[in-house]
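# Report on the structure
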Amino acid sequence: MAKACQLFSGSSGNSILISSKRHNFLVDIGVSAKRCEQALSDLGVDPDSIDAVFVTHEHSDHSQGLRVFCSRHKTPLFAPELCLEAMLESGLINDKVRFEKLDYAMELSGIEIKAFHQSHDSEDCVGYRFELPDSRSISVCTDTGYVTDNARQVLLGTDMIFLESNHEISMVEIGPYPYPLKKRILGDRGHLSNFACGEFIKELSKSGTTRFVLSHLSRENNTPDIAKQSALSSLAEAGMSENDYRLYVSPPVNESRGIVL
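So, here's what we can say about the structure.

The rules behind these values
Residues numbered from 1 in each chain as written. Predicted model: local features only at pLDDT ≥ 70, side-chain atom pairs only at ≥ 80, totals over all residues. Heavy atoms only, no water. Salt bridge = Lys/Arg side-chain N within 4 Å of Asp/Glu carboxyl O. Helix = DSSP H or I, 4+ residues; strand = E, 2+ residues; numbered from the N terminus. Buried < 20%, exposed > 50% of the residue type's maximum accessible area, 1.4 Å probe, protein only. Axes fitted to C-alpha atoms, helices over the stretch in contact; angles between N-to-C directions. Left-handed = near helix turned anticlockwise from the far one by under 90°. Contact = heavy atoms within 4.5 Å. Nonpolar A, V, L, I, M, F, W, Y, C, P; charged D, E, K, R; others polar.

## Some words on the pattern of salt bridges
- Throughout the structure, instances matching the rule amount to eight salt bridges.
- For Asp-121, the salt bridge identified is with Arg-184, shortest N-O distance 2.5 Å. Here the residue Asp-121 occupies a position in the loop between strand S8 (111-117) and strand S9 (126-131), and Arg-184 occupies one in helix H7 (residues 179-186), the gap between them amounting to 63 residues.
- In this structure Asp-121 comes out as partly exposed when scored by relative accessible area, which is 27%.
- A salt bridge links Asp-159 to Arg-136; the nearest nitrogen and oxygen atoms lie 3.8 Å apart.

Okay, here's the thing in structure tokens:
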């Protein structure tokens, strides 16, 4: 049985738990190790049972708890080479952490993991697709200014996806952020808008994806209702009925027991 849960989501911290049978993986730990451990325990998951942590990029809302968690629980960490170098230089990880350079197609504990390049203003940023033993796949695609060709190659046909729906463009444009920050958010190396998310949802739904989790919502430039309605409109345009899919919106802190596939 495959299941997944977004433990934390948004600029205050991100972490996703992906489980299959007796294996557990985390994508990012962007909160303190203590908060991550408590979130896992609340779900009945022993932090020592995490097989590995896969890092998307080095920004603190995805990496701040890595050093303590991975050293405390002796959990291996995988990340792109440039990301590892940046985290070592900044002290986000050190030699007490067992880290390895990411292989963009690898197998761990019988799980096939595929990584793909994103477009974000970090040293390197990737997303992931996990091919689980029960012929189910769960993917993570956040922190990207647009959906890259590499992402499309890997993601189409995934059963479930955590997909960034960061902002409503008009809210950014008229909001209080300074112009350079607005330009960053809206740029090709920023974050995925509700509209761009919806356009990719159409492609995914036609490829067979049936579980959509809207992730990394901005508290200032989006609301859960706006993001959800935008995605629902895209699914309707793709000819999907309410019985064809399940749509979720990740809160900043997990409020559920996770999603079972």
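Okay, back to it.
## Some points on unusual backbone geometry
- Backbone geometry places Lys-21, a non-glycine residue, at a positive phi of 55 degrees.
- Mapped onto the secondary structure, Lys-21 falls in the loop between strand S2 (15-20) and strand S3 (23-27).
- For Lys-21, a relative accessible area of 60% gives the class exposed.
- The backbone phi angle of Ser-109 is positive, close to 55 degrees, even though this residue is not glycine.
- Structurally, Ser-109 can be placed in the loop between strand S7 (105-108) and S8.

## Overview of the packing of helix H8 (residues 194-207) against helix H9 (residues 224-237)
- The geometry of H8 relative to H9 is characterised by a closest axis approach of 8 Å and an angle of 35 degrees between their N-to-C directions. In this structure, H8 meets H9 at a crossing whose hand is right-handed. Contact residues: Asn-194, Phe-195, Gly-198, Glu-199, Ile-201, Lys-202 and Ser-205 in H8; Ile-226, Ala-227, Ser-230, Ala-231, Ser-234, Leu-235 and Glu-237 in H9.
- Residues of the contact of H8 with H9, tallied by class, amount to six nonpolar, five polar and three charged.

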